[in-house]
Amino acid sequence: MAVVLAATLMPLAVAMIFFYVPTDVDQGYSQRIFYFHVPIALTTYTLFAWGALNAARFLWTRDMRLDLKSYVPMHLGVMFGCLTLVTGSLWAHISWGVWWYWGSTELTTFLIIFLFYCAYFMLRFSVEPGEKRATFSAVYALLGVGLIPISVIAVHTAQDIIHPITFSRNGANMDGSMFATFLVSLAALLSLAVAMYCIEMRGKRIDDRLKQLRRLAEASS
Amino acid sequence: MIDETAVKYVAAVYGVTWVVAIAYIGILHTKFGRLERQIDEIVKLMEARSDG
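Residues numbered from 1 in each chain as written. Chains lettered and ligands numbered in written order. Predicted model: local features only at pLDDT ≥ 70, side-chain atom pairs only at ≥ 80, totals over all residues. Heavy atoms only, no water.

A. Up close: the layout of surface pockets. Residue and element names in this part refer to chain A. Approximately 560 Å³ is the volume found for the second largest pocket. Considering the residues around the second largest pocket, the lining is formed by 19 residues, among which Asp67, Leu68, Arg124, Arg133 and Asp208 are closest to the centre. Where the lining of the second largest pocket is concerned, the elements lending two or more residues are helix H3 (64-96), helix H5 (131-145) and helix H7 (176-220). A breakdown of the residues in the lining of the second largest pocket according to their chemical character gives 7 nonpolar, 1 polar and 11 charged. (1 Å grid on protein atoms, 1.4 Å probe; cavity = no way out; pocket = protein on both sides within 12 Å on 5 of 7 lines; lining within 4 Å. Points joined across faces, edges and corners; volume = space filled by probe spheres on them. Helix = DSSP H or I, 4+ residues; strand = E, 2+ residues; numbered from the N terminus. Nonpolar A, V, L, I, M, F, W, Y, C, P; charged D, E, K, R; others polar.)

This is the structure:
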């Protein structure tokens, strides 16, 4: 289902971005980066929050399947986070003339979140597989998710005009066609993330079953 | 009139995203290939056992 949705929405989003949405009067053609960069960033936050939610569920139930359901979104979140930084950096260079701007609170906060979750893997793979590793990973994942609201608040409280605020309490600061394109892109990226999650989970489950099967086959021969 | 530099940057952003998505599919393809080989090994192990 998610794979079909992603395969339909991704080309639709690209078509809308290049053939439907008007060119922004202020930023010009490069504003089209917004329709991928912002949904990728929001998908990153969603994946980290999803991983943390499953981490909390693991700590509550001690069900080891939830450890895997927490790890996979973290893994995908780092991948989408990497894409956010690359696409953001390209947009920054064309718009502001710099690849990175350290004076921006929201950029720095996002980088901290990204590096925090990169370190998640260092922690996870430094502990032997089992309940201890799952517990350490879950606690770490939960600690990191607290940074997400800080990042969102930073975007809205930052007084610098370099990173424009697109969504305020008055709604979206863009016209109807732009907002529709943004929503389609967001749905496309979220469905792509869900599709990747489902495929990766299936691969990991097959891997686990194969290991069990191999052990059984070797024990009985 | 479209700014050519802007077009290059927009193309780079969309290119990077697609490259990452395709690389991810490639990695999964390799992983599923490895799983397939492991299944073959287990099948051979089981066949050898039933022959013996």
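B. Representation of the packing of aromatic side chains in the model. Residues and elements named next belong to chain A. Following the criterion strictly, the structure yields 17 aromatic pairs over all chains and no others. With a centroid separation of 5.7 Å and an interplanar angle of 70°, the aromatic rings of tyrosine 45 and phenylalanine 110 are classed as edge-to-face. Placement of tyrosine 45 in helix H2 (residues 34-61) and of phenylalanine 110 in helix H4 (residues 105-124) is noted, with a sequence separation of 65 residues between them. Like phenylalanine 110, tyrosine 45 is buried. Geometrically, the ring pair formed by tyrosine 120 and phenylalanine 121 is edge-to-face, given 5.2 Å between the ring centres and 85° between the ring planes. Using a relative accessible area of 0% as the deciding quantity, one classes tyrosine 120 as buried. A connected cluster of aromatic rings, assembled from ring pairs, spans Phe48, Tyr71, Phe116, Tyr117, Tyr120, Phe121, Phe125 and Tyr140. (Phe/Tyr/Trp six-rings, centres within 6.5 Å; stacked < 30°, edge-to-face > 60°. Buried < 20%, exposed > 50% of the residue type's maximum accessible area, 1.4 Å probe, protein only.)

C. Region of interest: the interface of chain A and chain B. With 34 residues of chain A at the interface, the matching set in chain B holds 27 residues. Buried area between chain A and chain B, summed over both chains or domains, comes out near 2,800 Å², and the portion from carbon and sulfur atoms is 81%. Of all residues in chain A, Tyr29, Leu210 and Arg214 of chain A give up the largest surface area on contact with chain B, accounting jointly for 20% of the area buried on that side. Counting the contacts that link chain A with chain B gives 3 salt bridges. Residues aspartate 207 of chain A and lysine 31 of chain B are paired through a salt bridge, measuring 3.6 Å at the closest nitrogen-oxygen approach. Linking chain A with chain B are 5 residue pairs in polar contact (both at pLDDT 80 or more), by the criterion used here. Within the residue set of the side of chain A that touches chain B, elements represented by two or more residues are helix H1 (2-19), H2, H3 and H7 of chain A. Top element by residues in the side of chain A that touches chain B is H7 of chain A. It accounts for 13 residues. Looking at the side of chain A that touches chain B residue by residue, the class counts come to 22 nonpolar, 6 polar and 6 charged. (Contact = heavy atoms within 4.5 Å. Buried area = accessible area lost by both parts, 1.4 Å probe. Salt bridge = Lys/Arg side-chain N within 4 Å of Asp/Glu carboxyl O. Polar contact = N/O pair within 3.5 Å; in protein donor to acceptor, adjacent residues only side chain to side chain.)

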